[in-house]
Amino acid sequence: METAAPINMRKLKAVKKELTRFMMTYQFALDELNTKIDILQQEFHYIHDYNPIEHVKSRIKTPESIMNKVWRKGCDLTIPSIRENIQDIAGVRISCAFLSDIYEISDMLERQKDIHVVEKKDYIAHPKPNGYQSLHLILEIPVFMSDRVLDVYVEVQIRTIAMDFWASLEHKIYYKYNKDAPPAILQELKEAAETAAHLDIKMERIHKEINEYKDNDSNSDLIANNERFRLPREFLSSYINAAR
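In this text the structure is predicted, and so the values were computed from the model without any measurement. (Residues numbered from 1 in each chain as written. Predicted model: local features only at pLDDT ≥ 70, side-chain atom pairs only at ≥ 80, totals over all residues. Heavy atoms only, no water.)

Draft legend 1. A look at the sheet that holds strand E4 (residues 135-144). With mixed pairing, five strands are arranged side by side in an open sheet as E1-E2-E5-E4-E3. The open sheet is flanked by strand E1 (53-60) and strand E3 (116-122), the only strands paired with a single partner. With direction set aside, neighbouring strand axes in the sheet form an average angle of 20°. Pairing of E1 with strand E2 (residues 90-96) involves seven bridges; the strand directions are antiparallel. (Pairing = 2+ DSSP bridges. Helix = DSSP H or I, 4+ residues; strand = E, 2+ residues; numbered from the N terminus. Axes fitted to C-alpha atoms, helices over the stretch in contact; angles between N-to-C directions.)

Draft legend 2. Looking closely at helix H5 (residues 161-176). Over its 16 residues, H5 runs 23 Å from end to end, which matches the ideal 22 Å to within 8%, given 1.5 Å per residue. Within H5, burial applies to Ala-162, Met-163, Asp-164, Trp-166, Ala-167 and Glu-170. (Expected span 1.5 Å × (residues − 1). Buried < 20%, exposed > 50% of the residue type's maximum accessible area, 1.4 Å probe, protein only.)

Draft legend 3. Summary view of the pattern of salt bridges. Enumeration over the complete set of coordinates arrives at seven salt bridges. A salt bridge links Lys-69 to Asp-88, with the nearest nitrogen and oxygen atoms 2.8 Å apart. In this pair, Lys-69 is assigned in helix H2 (residues 63-73) and Asp-88 in the loop between helix H3 (79-85) and E2, connecting sequence segments 19 residues apart. The pair Lys-69 / Asp-88 is uniform in exposure class, with both members buried. The partner of Glu-110 in a salt bridge is Lys-120, with the nearest N and O atoms 3.0 Å apart. Linking Glu-110 in helix H4 (residues 99-110) with Lys-120 in strand E3, this pair joins segments that are ten residues apart in sequence. With a relative accessible area of 26%, Glu-110 lands in the partly exposed category. Lys-120 sits in the partly exposed class, given a relative accessible area of 41%. By sharing partners, the salt bridges in this structure join Arg-21, Asp-147 and Arg-148 into a single network. (Salt bridge = Lys/Arg side-chain N within 4 Å of Asp/Glu carboxyl O.)

Draft legend 4. Structural view of the side chain of Ser-106. Positionally, Ser-106 belongs in helix H4. In this structure the side chain of Ser-106 is engaged in a polar contact, spanning 2.6 Å, whose partner is the side chain of Glu-110. Contacts of Ser-106, omitting those with residues within four sequence positions, involve Lys-120, Leu-135, Leu-137 and Ile-158. (Polar contact = N/O pair within 3.5 Å; in protein donor to acceptor, adjacent residues only side chain to side chain. Contact = heavy atoms within 4.5 Å.)

Draft legend 5. The packing of aromatic side chains, seen in detail. Evaluated as defined, the whole model comprises two aromatic pairs. On the numbers, 5.2 Å between centres and 75° between planes, the contact of Phe-22 with Tyr-26 is edge-to-face. Here Phe-22 and its partner Tyr-26 are both found in helix H1 (residues 9-47), four residues apart, which amounts to about one turn of the helix. Overall, Phe-22 belongs to the buried group, its relative accessible area being 5%. (Phe/Tyr/Trp six-rings, centres within 6.5 Å; stacked < 30°, edge-to-face > 60°.)

Draft legend 6. Main features of the environment of Trp-166. Within the secondary structure layout, Trp-166 lies in helix H5. Placed 34 residues apart in sequence, Trp-166 and Tyr-132 show a C-alpha to C-alpha distance of 8.0 Å. The contacts of Trp-166, once residues within four sequence positions are left out, are Asn-130, Gly-131, Tyr-132, Leu-189, Ala-192 and Ala-193.

Draft legend 7. Layout of the nonpolar core. Grouped together as the largest cluster of nonpolar side chains are 39 residues, with contacts concentrated most on Leu-33, Ile-94, Val-154, Val-156 and Ile-158. Residue assignment for this core shows that the elements contributing at least two residues are H1, H2, H3, E2, H4, E4 and strand E5 (149-160). Here the element with the most residues in this core is H1; it accounts for eight residues. In this view, Ile-94 contacts Ile-37, Ile-53, His-55, Ile-105, Leu-109, Val-156, Gln-157, Ile-158 and Arg-159; residues no more than four positions away in its chain are not counted. In this structure, Tyr-123, Tyr-132, Trp-166 and Ala-167 belong to the second largest nonpolar core, which totals six residues. (Core = buried A, V, L, I, M, F, W, Y, C linked by side-chain atoms within 4.5 Å.)

Here's what the structure looks like:
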């Protein structure tokens, strides 16, 4: 009867340390990106008196989910291979009120000097066959560890509330039928996606009309500490003339 080879505890500890570091880097990358998103939110709130971001949700894939994707893609079962080939281990989903917000947030993230855009897929301009719409970014975020700097992939999905509502329900229905929903159901889901897209377009038009009215009505207002102050026109005129 063969006996199992004794476990090399030193190697086991080294593997555990490397795996822990591997997973931690994704959490650190999420922390970095969430901080950037929070700063953008606050900037919009104070400078533009408007917050385009409704919800932000982040997650890290479980080890089981990572392994399932490794097997599906046929990657080598090594940390460097997983790091390079599985680019959605860390994910952020940003929900916006309006279509224009999606592209504005995307542009602001892409302009960050320490962020590298690896890939961009616009499923709004080109929806998936099932009707799915969203803007996907694969970003590379630098993570500064004690002894090295690691560039970590983070997937960002930016969509409107209507898109997010549809995607959440589609996911539940799809898995309720064990990924094999009847054609009639799939057609109805696609029609629902088109209805949501029409709603987004209509709300975007209303949003622009409100902004035009708001710009004409509040050009002399200043926002500070969540309070609105109306500046005298004489002061504004004097300040503008002095700045020329």
